[in-house]
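In case you want the letters, here they are:
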Amino acid sequence: MVLRLALLGASALVLNSCLSIAFADDDTRVLDTVEVSGLRPADLDRVTSSVSVLTEEDLAIRLSPNPVDQLRAVPGVAVSRNGGIGGLTQVRMRGAEANHTLVLFDGIEISDPINGETDFGLLTALPAARIEVLRGAASSIHGSDAIGGVVSISSAGAAGLSAFAEAGSFGTVRGQVGWRGETLGVAVSGLTTDGVDTSGLGGEKDGSQALSGLATGTFALGTDWTLNLVGLVRSTEADYDADSDFDGQLNNTEHSTEAGQWLAGAALTGSFGGLDHVFRASFNEVDRDNFNAGVKTDDAKGKRTKVSWSPGYTAGAHALTGLVDFERESYDRSDVQYGGLTDVSETFESLGFAGEYRYSAGAFDLAASARHDDNKGDFDDATTWRVGAGYAFEEIGGRVRASVGTGVKNPTMTELYGFFVGSFIGNPDLKPEESESWEIGWEQTLGDLNWSATYFDANLKNEIFTAFNPDFTSTARNRSAKSERSGVELAARWQAAANFALSGQATFFDSQDFGGADEVRVPEATASLAADWQVNPNGFRIGAALDYVGEQGDFNFGPFPAQAVSLDAYTLVSLTAEYPVTERLAITLRGENIFDEEVSDVFGYRNTGAGVFVGLKLR
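Residues numbered from 1 in each chain as written. Predicted model: local features only at pLDDT ≥ 70, side-chain atom pairs only at ≥ 80, totals over all residues. Heavy atoms only, no water.

A. Highlighting the side chain of E356. Position of E356 relative to the elements: it lies in strand β19 (residues 344-361). Of note is the side chain of E356, whose polar atom sits 2.9 Å from the backbone nitrogen of L39. Not counting the four nearest positions on each side in its chain, E356 is found in contact with S37, G38, L39, R40, I141, A319, L320, T321, A368 and S369. (Helix = DSSP H or I, 4+ residues; strand = E, 2+ residues; numbered from the N terminus. Polar contact = N/O pair within 3.5 Å; in protein donor to acceptor, adjacent residues only side chain to side chain. Contact = heavy atoms within 4.5 Å.)

This is how it looks when you write it as structure tokens:
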């Protein structure tokens, strides 16, 4: 395994894409600016933190129905999926917990207000044209949740009419149709799959369905002001197996979850009084209904409303930006099986104030930001900060960058107020989790080869964990000791020819809990290698990707206390092809896990095997 890791790491370093650096040769792409790194867009080659960008061309290599599988191409990211498509899917960045990753869709926080986490399994069929990933603590810009990093998904694609339909293994059918003009855009996408038996016991299959509707608008209001609108409606249904006899092994059960989400946002930008202004407002509601054998057991509804104002002033190489940010979250849960005994209804509000200063001149870049969140007495207020700098050595095509900062994660509604009979009792006295982190990186351009190397180090205090009692009940508590995380991220891109590029990454994690043991569901290493070949200029294209996930730990919760177990390493290989039939119509072919590798991200859960899918694409 050591040799395997070494070869993958060397391949990533020599052959793969520096996803955190832009380049502008005639035969390569230009990534221009990114929005995820600060209060205002910044040139990608001048940011002082680790930022990766996946363009439409990058996304076409894997052509996966869920954005989470695209994130395997990003350094520092680990994916855990409970079973097949639609199952609970978590993303851990730089060894942090899954609820330490903030996820945005068209600039709006999309995470579930109920549990403070984004279940990527529910993002299946979400229209995505571009993904930006910021790695490392970013609470001084984005507030709570941004300890491990930020994933920002954008729906904006090419203008005109587009459509895609695909069918294949596991009874999977998916499709998307959309139109985008100068002012308005609409899109509808969906997926249905029979799935697999996640328990592996030969019982019924656990399938899923997803449907999304998206509308966007951009309106010029005079010469200085622009109004951007976005509305998203999603509906998902996923079957799953559960441990019904509490022996630590899944049983063939008929559990399912139906979820709906309504998201709306507006951004008004313009200039007045010598300042540029950004006014934002958004609303996000997630409804979940849980069923057992078709009988409803409980439901939960979470709502998040955000309003902000961000003024900015630029003078030459100096830029100063402020932010006032109000957020209100509500949580309502009701049960059927216990006659309302576990019903909960809670609301909390926070008011944030932030500022960011940037200086860019010549080869030097500096960025500093700070934020204070007033949590209205629900739990401790939080003050976070970050400072970063970069310097380019133009004579050798290299650049060094470094940053240091803090992050915070507020307790979730479930951790504070959740109540499940005979199982879990919330803890309203929890403190927010806090993190301190730093990183240093080098970016290098050598002709058509771009590569980067980054070392990161972070700790977490007041970690919230689930404490189990002798009577098999549990509650949420804060740990008194710190946990430590560090690692090395390698990335590169080689434009071998005008129509052929190799790209990828390798990451080596060292993530330890308060007692010095390895954190669960954080692999010892991840790596990816991708090839993009534009066979001819008429559109015939072939893509291939290799995604490696190293050995990782988990727990078997059957015995008490739970037993530590090890999950084997695995490698996923995928192939895609796009063959033009006419100028606008193409046939697509996609193969995933083509060597039928046995995959286990979570103990006891069986994932899908090899699959083949054929489709049509209107370009």
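More follows now that the structure is in view.
B. Examining empty space enclosed by the protein more closely. For the structure shown, the criterion picks out 11 cavities of 30 Å³ or more. A volume near 370 Å³ is recorded for the largest cavity. Lining the largest cavity are 22 residues, with D69, R81, L572, E592 and N593 positioned closest to its centre. Examining the composition of the lining of the largest cavity, we find that 3 residues originate from one element, strand β36 (residues 585-592), more than from any other. Counted by class, the lining of the largest cavity contains 4 nonpolar, 10 polar and 8 charged residues. (1 Å grid on protein atoms, 1.4 Å probe; cavity = no way out; pocket = protein on both sides within 12 Å on 5 of 7 lines; lining within 4 Å. Points joined across faces, edges and corners; volume = space filled by probe spheres on them. Nonpolar A, V, L, I, M, F, W, Y, C, P; charged D, E, K, R; others polar.)

C. Here's a closer look at the pattern of salt bridges. Tallied over the entire structure, the rule returns 37 salt bridges. E166 is the partner of R590 in a salt bridge, and the nearest nitrogen-oxygen pair spans 2.8 Å. Placement of the pair is R590 in strand β36 and E166 in strand β10 (residues 160-168), with a sequence separation of 424 residues. Residue R590 is classed as buried on the basis of its relative accessible area, which comes to 3%. We classify E166 as buried; its relative accessible area is 3%. Of the charged contacts in the structure, one is a salt bridge between R399 and D365, with a shortest N-O distance of 3.3 Å. Within this pair, whereas R399 is found in strand β22 (residues 398-409), its partner D365 is found in strand β20 (residues 364-374), the two being separated by 34 residues in sequence. For the pair R399 and D365, a shared accessibility class is recorded, and that class is buried. (Salt bridge = Lys/Arg side-chain N within 4 Å of Asp/Glu carboxyl O. Buried < 20%, exposed > 50% of the residue type's maximum accessible area, 1.4 Å probe, protein only.)

D. Examining the packing of aromatic side chains more closely. All told, the structure shown has 8 aromatic pairs when counted by the stated rule. Between the aromatic rings of F279 and W309, the centroid separation amounts to 6.3 Å while the plane-to-plane angle is 15 degrees, which identifies the pairing as stacked. Pair noted here: F279 is in strand β16 (residues 275-292) and W309 is in strand β17 (residues 295-315), with a separation of 30 residues, a long-range link. Looking at W309, the relative accessible area reads 34%, which means it is partly exposed. Counting every residue linked through ring pairs, the aromatic cluster contains W225, F279 and W309. Across the ring face of F465, the terminal group of R479 is positioned such that the distance to the ring centre comes to 3.9 Å. The ring of F613 carries the charged tip of R590 above its face, separated from the ring centre by 4.1 Å. (Phe/Tyr/Trp six-rings, centres within 6.5 Å; stacked < 30°, edge-to-face > 60°. Lys NZ or Arg CZ within 6 Å of the ring centre and 35° of its normal.)

E. Here's a closer look at the pairing of strand β12 (residues 184-196). Pairing between strand β11 (residues 172-180) and β12: 8 bridges, direction antiparallel. Within β12, the residue paired with W179 across the bridge is V186. Between β11 and β12, which pair antiparallel one after the other, the connecting turn spans 3 residues. (Pairing = 2+ DSSP bridges.)

F. Main features of the sheet that holds strand β9 (residues 149-154). Across the sheet, which stays open at both edges, the 5 strands sit in the order β3-β8-β9-β6-β7 with mixed pairing between neighbours. A single partner strand is all that each edge strand has here, and the edge strands are β3 (50-54) and β7 (108-109). Bridge count for β3 against strand β8 (residues 130-135) is 5 bridges, and the pairing is antiparallel. When the bridges of β8 are listed, S50 appears paired with R135.

G. Structural detail: a negative patch on the surface. A contiguous patch of negative charge, built from E204, E237, D239, E254 and E258, is present on the exposed surface. When contributions to the negative patch are tallied by element, the ones reaching two or more residues are β14 (225-242) and β15 (251-272). Tracing the backbone shows E258 in strand β15. Since its relative accessible area comes to 31%, E258 is described here as partly exposed. (Patch = residues over 30% accessible without salt bridge, like charges linked within 9 Å, V, L, I, M, F, W, Y side chains within 5 Å. Areas by Shrake-Rupley, 256 points an atom, 1.4 Å probe, with all protein chains shown as cover. Lys, Arg positive; Asp, Glu negative; His and termini not counted. Charge placed at Lys NZ, Arg CZ, Asp CG, Glu CD.)

H. Geometry of the sheet that holds strand β28 (residues 474-478). One open sheet accounts for 4 strands, arranged β23-β24-β28-β27; its pairing is mixed. A strand with exactly one partner marks an edge of an open sheet, and here the two such strands are β23 (419-420) and β27 (464-468). Bridge analysis of strand β24 (residues 424-425) against β28 gives 2 bridges, and the strand direction is parallel. Its bridge partner being in β28, F424 is matched across the sheet by S474.

I. Representation of the confidence of the model for the protein within the structure. Per-residue confidence for the protein averages 89 on the pLDDT scale, and 95% of its residues sit at or above 70. At the low end of the mean pLDDT range in the protein sits helix α1 (residues 2-15), at 34; at the high end sits β20, at 98. Low pLDDT, under 50, characterises residues 1-31; the stretch is placed with 95 contacts to residues that sit more than four places away or in other chains. (pLDDT = per-residue confidence, 0-100.)

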